[in-house]
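# A structural walkthrough
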Amino acid sequence: MSRSTDQDPGSTLEDPGAVAGGPVVRLERVTKHFGDFVAVEEADFDIAEGEFFSMLGPSGCGKTTTLRMIAGFEQPTAGRILLQGRDVSRTPPHKRDVNTVFQNYALFPHMDVFDNVAFGLRNRKVKDAEVRTRVHEMLEVVRLPEFAQRRPNQLSGGQQQRIALARALVNMPKALLLDEPLGALDLKLRQVMQLELKRIQRDVGITFIFVTHDQEEALTMSDRIAVMTQGRVDQIGTPTEIYGHPATTFVAGFIGTANLLPVKVVSQTGDQVTVDSRLGNQFRVPAGGRTHAVGSDATIMIRPERLVPAGAPLHGGEAAGTIDCTVTSLVFQGPVVRCQVQTSTGADLVAHLGPEDDPASLAVGSPITMTWAYDGAYLVPEAIDADQAGVTSMDDDETAAVAVG
Amino acid sequence: MGMLSPGVIWLLLFFLVPVLILVKASLSSTPRRFIPPTFSWDWSNYTAAFSQYQPQFVRSFGYAGTATILAILIGYPLAYWIATQGGRFKNLLIGLVVVPFFISYLIRTIAWTSILSDNGPFVGLYRLLPWVGSDGRLLATPWAVIGGLTYNFISFMILPIYVSLEKIDFRLTEAAADLGSTAWHAFRKVVLPLSMPGVFAGSLLVFIPAAGDYINTYYLGSAKTTMIGTVVQDQFLKQQDYPQAAALSMVLMVIITTMVLIYSKFLGTEGLAV
């Protein structure tokens, strides 16, 4: 059943264009204008067969418009959309072999669950007997086999969600498009459905294209993520790449929490860059495979779990730099202590301290020297203003994503 | 129970009592000169209703039914167009549908007599049609009556259909298109069924008053187009045969109620609650 396991996901991630048989969906410089407003600007990427691909970004970033263009509800102003190599840019939605799970589910209220799920098959004139078996099979896949005779208004939000999924998947589309399908569910149910979606995707082996503003959701489920902002795709990569090696400061701040500090590139030898911290000292940072122009402005990013007090055990090599700070707050959060410190220039940094970092020895108001392992910092080739220095979001949970959106 | 009583009193006073008075009158003897009708379990009024006035009953339901169908055929596309394409002019357009009500029903109907009259603007064009002779008329024909009924009651069709269309989430048609439906198929399978409560309500609101109407046939029809309303009005106000008029009214009421029940079985009134 599972086609996704036939291929090595690693190879598709490095170079999606090299996948045998070509990508399922290809966007070629796709641009969409609504009047003067540029909703999507030159989106250009491939989505491989069997991939769980997410488009992530704050609301208004163009992710839903991109999805609607793939579905056929909107036509690109410029560029082409290819579905298995065929240009579908001007093909109406009912002639495209993709199906959508809508944000509000859009189940037909006057039909029972069976008729809802059978709708697409009947449109394609599938024989009644086959419709029955396939609908029941799909209701098994979404684990609601006994609900065939119910009306949508007799189902809970999570059940409606599963039926919407079954209604789309039963047609075995080339790609399944999901438009923030978990947005209306409460946190607990959302986490259950995240794992369920992942399981179903593995079972049916269909390409999922998932739109969300919730970075945690995207990290949990995706093989690859496209991070979008203001109509542009900032970065496409695996969750690990995007979290560890953000291409822009926006990506760094939108995915998880990031401490950002403006720096100037002093020199580069091989994959090691020396930067001036503007705090009176210099750091050594991995170049991340790039060549950084000497004298250019850049930003270093350190995740809160990589920032530790000097003297605490370091993971991943020797200390690569130090910052003198003052402790401004200590909050016990269970697994970690959230320690907020302030640099001499007034930037707030956040460190998540585990028990091995001995947070009990710290006191608010006392001076502290923070440090990190060499590969705990990442050099983002983008300048930030001094007033943007410091931690990007004050909280880790979804309230941060909502605030950005 | 206490909360129910105002409603119960209202029903007793304005529904049950008048119906009982009507039943009593319908079972009274036919009045003669100087002899008022008296209650006597006299069923002759009912037998007369069926034997003497059958053509009028048939015509009433035929005209009202045709007018209802015409009102659906004209009103549904109009309501659909306003609901889907009206944009910010929706309320204005719906207002325009209601505007004719500011003029008396009688005046509007009389206005049609001059529009359809033999020297009016349309008869000339109508007579050019190949199957119409030079003596073709519009006024005083069944179609003039049906046209008048349709015109006078069509707002009652447009408004409920508009309300039910307005409630439909048109993302459902996107979902249908996504699942392979053409625009027409999506309309037939999704929009039309979901707007049936409006069609049902509109049909009742047009059919019931149209079946009992006598104004349209009086002004736009002829002696050959009399409807049951004409007879009831004549019996009540001219012949002053209250028992006969009451019996005719009762028969009309029972037939309409039966038809509505059958109709609701087919379309389902439960849908009205959606």
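## Observations concerning the confidence of the model for chain A
All names here are of chain A. Model confidence for chain A is summarised by a mean pLDDT of 87, while 91% of its residues fall at 70 or above. Taken as a whole, residues 1–20 scores under 50 in pLDDT and shows 25 contacts with residues more than four places along the chain or in a different chain. Every residue in residues 394–405 scores below 50 in pLDDT, and together they form 17 contacts with partners more than four places removed in sequence or on other chains.

## A short note on the domain arrangement of chain A
Note: interface size is frequently given as the accessible area lost on complex formation between the parts. Residues and elements named next belong to chain A. Annotation of chain A at the domain level lists domain 1 (25–239) and domain 2 (250–401). Summarising the inter-unit geometry, the C-alpha centres of domain 1 and domain 2 are found 37 Å apart. On the domain 2 side, the residues contacting the 14 residues of domain 1 number eight residues. Regarding the contact of domain 1 and domain 2, the summed buried area is about 920 Å², with carbon and sulfur atoms giving 70% of it. Along the contact surface separating domain 1 from domain 2 lie zero salt bridges. On inspection of domain 1 and its partner domain 2, the count reaches one residue pair in polar contact (both at pLDDT 80 or more). Mapped onto the side of domain 1 that touches domain 2, the elements with two or more residues apiece are α6 (187–204), α7 (215–221), β9 (224–229) and β10 (232–237). Here the element with the most residues in the side of domain 1 that touches domain 2 is β9; it accounts for three residues. The class makeup of the residues in the side of domain 1 that touches domain 2 is six nonpolar, five polar and three charged.

## Overview of the interface of chain B and chain A
Between chain B and chain A, the residue contacts involve 17 residues of the former and 21 residues of the latter. When chain B packs against chain A, the two sides together hide about 1600 Å² of surface, and 62% of this comes from carbon and sulfur. For the chain B face of the interface with chain A, the top three residues by lost area are Glu174(B), Asp178(B) and Leu179(B), together amounting to 42%. The interface formed by chain B and chain A holds one salt bridge in total. Residue Glu174(B) is joined to Arg68(A) by a salt bridge in which the shortest nitrogen-to-oxygen separation is 2.7 Å. In this structure, the connection of chain B to chain A is made through nine residue pairs in polar contact (both at pLDDT 80 or more).

## Looking at the environment of Thr369(A)
Residue and element names in this part refer to chain A. Relative to the helices and strands, Thr 369 is located in strand β19 (residues 367–373). Taking relative accessible area as the criterion, Thr 369 reaches 28% and is therefore assigned partly exposed. When the C-alpha positions of Thr 369 and Val 327 are compared, they lie 9.6 Å apart, and in sequence the two are 42 residues distant. One polar contact links Thr 369 to Asp 324, side chain to side chain, over a distance of 3.0 Å.

## Concerning α6(A)
All names here are of chain A. Between the first and last C-alpha of α6 there are 26 Å, a value that for 18 residues agrees with the 26 Å anticipated at 1.5 Å per step. Buried within α6 are the following residues: Arg 190, Met 193, Gln 194, Glu 196, Leu 197, Lys 198, Arg 199, Ile 200, Gln 201 and Val 204. One or two steps after α6, the chain reaches Gly 205, where phi turns positive at roughly 70 degrees.

## Structural notes on the sheet that holds strand β16 (residues 319–332) of chain A
The strands making up a sheet are joined through hydrogen bonds of the backbone, oriented either antiparallel or parallel. All names here are of chain A. Pairing in this open sheet of five strands is antiparallel, and the strands run β15-β19-β16-β17-β18 from one edge to the other. Pairing within the sheet leaves two strands with one partner each, and these edge strands are β15 (308–309) and β18 (348–353). When β16 meets strand β17 (residues 337–343), the two strands line up antiparallel, connected through seven bridges. Opposite Val 331, over in β17, you have Arg 338 as the bridge partner.

## Quick notes on the packing of helix α3 (residues 54–85) of chain B against helix α9 (residues 183–211) of chain B
All names here are of chain B. Contact geometry for α3 and α9: axes closest at 9 Å, N-to-C directions at 140 degrees. By the criterion of interaxial angle, the relationship of α3 to α9 is oblique. Between α3 and α9 lies a crossing whose hand is right-handed. In contact with Ser 60, Phe 61, Ala 64, Gly 65, Thr 68, Ala 71, Ile 72, Tyr 76 and Tyr 80 of α3, α9 contributes Phe 187, Val 191, Leu 192, Ser 195, Val 199, Ser 203, Val 206, Phe 207, Ala 210 and Ala 211.

## Examining unusual backbone geometry
Residue and element names in this part refer to chain A. The phi torsion at Glu 42 lies on the positive side, around 45 degrees, for a residue other than glycine. Structurally, Glu 42 is set in strand β2 (residues 37–47). Judged by relative accessible area, Glu 42 falls into the partly exposed class, the value being 42%. The phi dihedral of Tyr 105 falls on the positive side, at around 75 degrees, and the residue is not glycine. As for its position among the elements, Tyr 105 is in the loop between β6 (98–101) and α3 (113–123).

Cut-offs applied
- Residues numbered from 1 in each chain as written.
- Chains lettered and ligands numbered in written order.
- Predicted model: local features only at pLDDT ≥ 70, side-chain atom pairs only at ≥ 80, totals over all residues.
- Heavy atoms only, no water.
- pLDDT = per-residue confidence, 0-100.
- Contact = heavy atoms within 4.5 Å.
- Domains from an automatic or database assignment.
- Buried area = accessible area lost by both parts, 1.4 Å probe.
- Salt bridge = Lys/Arg side-chain N within 4 Å of Asp/Glu carboxyl O.
- Polar contact = N/O pair within 3.5 Å; in protein donor to acceptor, adjacent residues only side chain to side chain.
- Helix = DSSP H or I, 4+ residues; strand = E, 2+ residues; numbered from the N terminus.
- Nonpolar A, V, L, I, M, F, W, Y, C, P; charged D, E, K, R; others polar.
- Buried < 20%, exposed > 50% of the residue type's maximum accessible area, 1.4 Å probe, protein only.
- Expected span 1.5 Å × (residues − 1).
- Pairing = 2+ DSSP bridges.
- Axes fitted to C-alpha atoms, helices over the stretch in contact; angles between N-to-C directions.
- Parallel < 35°, antiparallel > 145°, perpendicular 65-115°, else oblique.
- Left-handed = near helix turned anticlockwise from the far one by under 90°.

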